[in-house]
Amino acid sequence: MVEAVLIDLFSLPAKLQNNIQGLLHSTLETVEKCSSIHAPCVYVMCCQRQGSEKIDEQEFLFPALRGFQSLNRRVEVICAHTTAAALYTIKQRLDEKDLSIIKVILPTIRKDLMKVYIDHLFTAVYQFEFEDLQVVSDCESLQISETQHEGQTLPLQDVAHIQSEIQMYLESLPSLKGELTILRSSLIPDDIFLHGFTTRTGGISYIPTLSSCNLFSSSKRRDPQVVVKENLRRLANAAGFNPEAFHRVKIDHANAVCIMGKTEPDNYDGIVTNQKGVTLAAPGADCIPVLFADPVRKACGAAHSGWKGTLLGVSMATVNAMVSEYGCNMKDILVVLGPSVGPCCYKLPHESAKEFHRIDPKCVRLFDSASPYIDIRRATRILLERGGILPENIQDDSITDQNQNITFCTACHPDKFYSHFRDGTNFGTQIGFISIKD
């Protein structure tokens, strides 16, 4: 069942401008007729002409909006200077109401254009169907079409123009939830390496569990790639790295490692380089973003270590890659564990907990319970030390000086960090990043 209807009046042909009120009235009449039981939210998207006020545009449409009782208080006019701005505002309204199934009623000449905007501003969470803007006489048009929108067919220059318009609009948006904050380790020398761990503030993501500096997009979440890219651009500006030379691990919750400059695996949770100016990153939203630095051989790495990756030894696999590829000495490698879920909050089923108990009984609390508490950080440290990393070269939550602590529990600090464990499936993601300075 359609949850929302978007009527696109943004750029009608000149011959229809004089009949816009009648066109809107007829369209709303059909929506109301076909939605007597379930009244969808209706958003009317129109262009705010340069030099005009939004209220003027809305007042022009008010006569056509009156009299629709079942749609009362469900019709909203969205005026903006660009399609990107109008559609992004409508996306915010949809997300506020958790709506995902949308019918778009628009002029035929706008259809291919609109599909490109939607492909960039929305994710697979949403379902769209399209209908020509015209007077319709039956209810068939409000049934969900079996054919979802297909890929764009516009010329490449038109697609590039849309991408530029979206980017310019997103860059104009204010940062949310405070300033962008980066946590840095005192263990990694800042004259050789640029590094840090992000927090959740200072980006433009607005959905509560994703706000505001979310740095990961997926088909299961409502934050599109273009928003994540803008958050990354702001982070890069603040931190001082090039976002075009940015490489994030491809999460597989395993122990494969990518060597920059060699054939890239399909999936990997560790990545290493000795190239200057290349920024490596590992995401985390309870899983540990782990950073590695060798100031002697000038090499670095990043790893994503969840409970599966921890048991599979992804951190030592990353260390071993630095040793074998760049001739690093184990005693020179520095390792920093970033914000991640702590033993205070994290539980696993008893069968999984057994594996951590084998590493060290102190990695498990309430071992005899059905879901014991697990310390993946302690397990990571133990495996690193067994592999040859010096204890003093590992920074985690065991350090005594709390002013130097950057391994906070993500689940315990909702104001600072994202947490899958705490927030559910539509969660945001922070990252740890590192590069060798030029």
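Residues numbered from 1 in each chain as written. Predicted model: local features only at pLDDT ≥ 70, side-chain atom pairs only at ≥ 80, totals over all residues. Heavy atoms only, no water.

### Details of unusual backbone geometry
- The omega angle of the peptide bond from Ser211 to Ser212 is 0°, so this bond is cis rather than trans.
- Here Ser212 is to be found in the loop between β7 (193-198) and α7 (225-239).
- In the Ramachandran plot, His253 falls in the positive-phi region, its phi being about 55° despite a non-glycine side chain.
- Mapping His253 onto the fold places it in the loop between β8 (246-248) and β9 (257-259).
- On the accessibility criterion, His253 (37% relative accessible area) is partly exposed.
- Phi angles above zero are rare outside glycine, and Asp286 is one such case at about 125°.
- Summarising the element assignment, Asp286 is placed in the loop between β11 (279-284) and β12 (288-294).
- A residue is classified by how much of its surface remains accessible, and Asp286, at 6% relative accessible area, is buried. (Helix = DSSP H or I, 4+ residues; strand = E, 2+ residues; numbered from the N terminus. Buried < 20%, exposed > 50% of the residue type's maximum accessible area, 1.4 Å probe, protein only.)

### Description of the sheet that holds strand β14 (residues 334-337)
- Ordered by their spatial adjacency, 6 strands build an open sheet running β9-β10-β13-β12-β14-β17, and the pairing between neighbours is mixed. Two strands in the sheet have a free side with no partner beyond their single neighbour: β9 and β17 (394-395).
- Summarising the sheet, β12 and strand β13 (residues 299-305) pair through 7 bridges and their orientation is antiparallel. Pairing of Ile288 across the sheet is with Ser305, part of β13.
- Sheet strands touched by helix α9 (residues 314-326): β9, β10 (270-273), β12 and β13. Its angle to β13, the strand with the most contacts, is close to 160°. (Pairing = 2+ DSSP bridges. Contact = heavy atoms within 4.5 Å. Axes fitted to C-alpha atoms, helices over the stretch in contact; angles between N-to-C directions.)

### Observations regarding helix α10 (residues 350-359)
- Among the residues of α10, those classed as buried are Ser352, Ala353, Phe356 and Ile359. In an axial view of α10, the angular spread of the buried residues amounts to 100°, which keeps them on one side of the axis. Every exposed residue of α10 that faces more than 90 degrees away from the buried side is listed here: Glu351 and Arg358.
- Those residues of α10 that are buried are in contact with α8 (307-312), β15 (364-365), β16 (373-374) and α11 (376-387). (Arc of directions from axis to C-beta.)

### Description of the packing of helix α4 (residues 83-96) against helix α6 (residues 156-172)
- Close contact between α4 and α6 brings their axes to 9 Å; oriented N to C, the two are set at 60°. For the crossing formed where α4 meets α6, the hand is right-handed. On α6, the residues that touch Thr83, Ala84, Ala85, Tyr88 and Thr89 of α4 are Glu165, Ile166, Tyr169 and Leu170.
- Here the contact of α4 with α6 is built from residues that sort into 6 nonpolar, 2 polar and 1 charged. (Left-handed = near helix turned anticlockwise from the far one by under 90°. Nonpolar A, V, L, I, M, F, W, Y, C, P; charged D, E, K, R; others polar.)

### Quick word on the packing of aromatic side chains
- What the rule picks out here adds up to 8 aromatic pairs.
- The interplanar angle of 85° and the centroid separation of 4.9 Å between the aromatic rings of Phe122 and Tyr126 together place this pair among those described as edge-to-face. Here Phe122 matches Tyr126 in class, with each residue buried.
- Taken together through their ring pairs, the aromatic side chains of Tyr88, Tyr169 and Tyr206 make up a single cluster.
- Seen from the ring of Phe130, Lys115 lies directly overhead, with NZ or CZ sitting 5.5 Å from the centre. (Phe/Tyr/Trp six-rings, centres within 6.5 Å; stacked < 30°, edge-to-face > 60°. Lys NZ or Arg CZ within 6 Å of the ring centre and 35° of its normal.)

### A look at the environment of Ala236
- Note on placement: Ala236 falls in helix α7.
- For Ala236, a relative accessible area of 2% puts it in the buried group.
- Remark: the alpha-carbon pair of Ala236 and Phe246, spanning 10 residues in sequence, is separated by 9.3 Å.
- Residue contacts for Ala236: discarding those within four places in its chain leaves Phe241 and Pro243.

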